[in-house]
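Given next are the chains, with one letter for each unit.
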Amino acid sequence: MSQETQAILTFLKQIGLPFELAPLQGKTFLPGVKLVASRLVIDEEQLLYPGDILHEAGHYAVCDPQDRHLLDGDIYKNGITHGRMKDRMHGEEMAAIAWSVAAIQHIGLPLEVVLHADGYRGASSSLIKAFREGGGFGYPLLNAWDMTCPEQGFPVMQRWIRELSWMTPES
């Protein structure tokens, strides 16, 4: 196991994000990483990029708590099947990227670990530049969900797993 992978797994343990190391069968969106029954499964043999662990963990971390139990396999298709709203899932996708950026910086590894050159449809270098220069995207949602530190702001987090729902009792 690489030092990067070990550091990421240690972080996931510290924040209480459920994961297990186990073989994965079949196709996965990211090699060696898959959300299965609301738990992150990591196959060390298939894993190509340790940062992909954080991206998938970000989906768990930022998912609406009422819908977290639906995270399984293709989380977008599965969400649609279960009536999740597309715009909310798109927002969570952006927030998952911002969350993974905050996480990799908290761990102390370079942004390139999570925003590697073989990911993000060739846009990783522009994403790295944007996040380094205080731009980027997704973090306003982390702010809205009271996950970022109110004094320091993004990328400093006060809460790593979302507790606030999109829905309120009044809606």
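Residues numbered from 1 in each chain as written. Predicted model: local features only at pLDDT ≥ 70, side-chain atom pairs only at ≥ 80, totals over all residues. Heavy atoms only, no water.

Asks: Mind showing me how you'd approach the packing of helix α1 (residues 3–15) against helix α4 (residues 86–107) here?
Replies: Packed helices, taken two at a time, are described by the angle their axes make and the gap between the axes. Running from N to C, α1 and α4 point in directions that differ by 105°, and their axes come no closer than 10 Å. It follows that α1 is roughly perpendicular to α4 by the angle criterion. Residue-level contacts link Ala7, Ile8, Phe11, Leu12 and Ile15 of α1 to Trp99, Ala103, Ile104, His106 and Ile107 of α4. Its residues assigned to classes, the contact of α1 with α4 shows nine nonpolar, one polar and no charged. (Axes fitted to C-alpha atoms, helices over the stretch in contact; angles between N-to-C directions. Helix = DSSP H or I, 4+ residues; strand = E, 2+ residues; numbered from the N terminus. Parallel < 35°, antiparallel > 145°, perpendicular 65-115°, else oblique. Contact = heavy atoms within 4.5 Å. Nonpolar A, V, L, I, M, F, W, Y, C, P; charged D, E, K, R; others polar.)

Asks: Any chance you could explain helix α2 (residues 51–62) here in plain terms?
Replies: For an α-helix, 3.6 residues make a turn, and residues three or four places apart therefore share a direction. Relative to the 16 Å expected for 12 residues at 1.5 Å per residue, α2 spans 17 Å between its end C-alpha atoms, a close match to the ideal helical length. In terms of burial, α2 is largely enclosed, as 12 of its 12 residues are buried. Every buried residue of α2 is accounted for by Gly51, Asp52, Ile53, Leu54, His55, Glu56, Ala57, Gly58, His59, Tyr60, Ala61 and Val62. (Expected span 1.5 Å × (residues − 1). Buried < 20%, exposed > 50% of the residue type's maximum accessible area, 1.4 Å probe, protein only.)

Asks: Explain the side chain of Asp43 here, please?
Replies: Topologically, Asp43 is positioned in the loop between β3 (39–42) and α2. No salt bridge is formed by the buried Asp43; its nearest oppositely charged neighbour, Lys34, is found at 11 Å. For Asp43, the side chain forms a polar contact with the main-chain nitrogen of Leu24, separated by 2.8 Å. (Lys, Arg positive; Asp, Glu negative; His and termini not counted. Salt bridge = Lys/Arg side-chain N within 4 Å of Asp/Glu carboxyl O. Polar contact = N/O pair within 3.5 Å; in protein donor to acceptor, adjacent residues only side chain to side chain.)

Shape is all these values report; function is a separate question.
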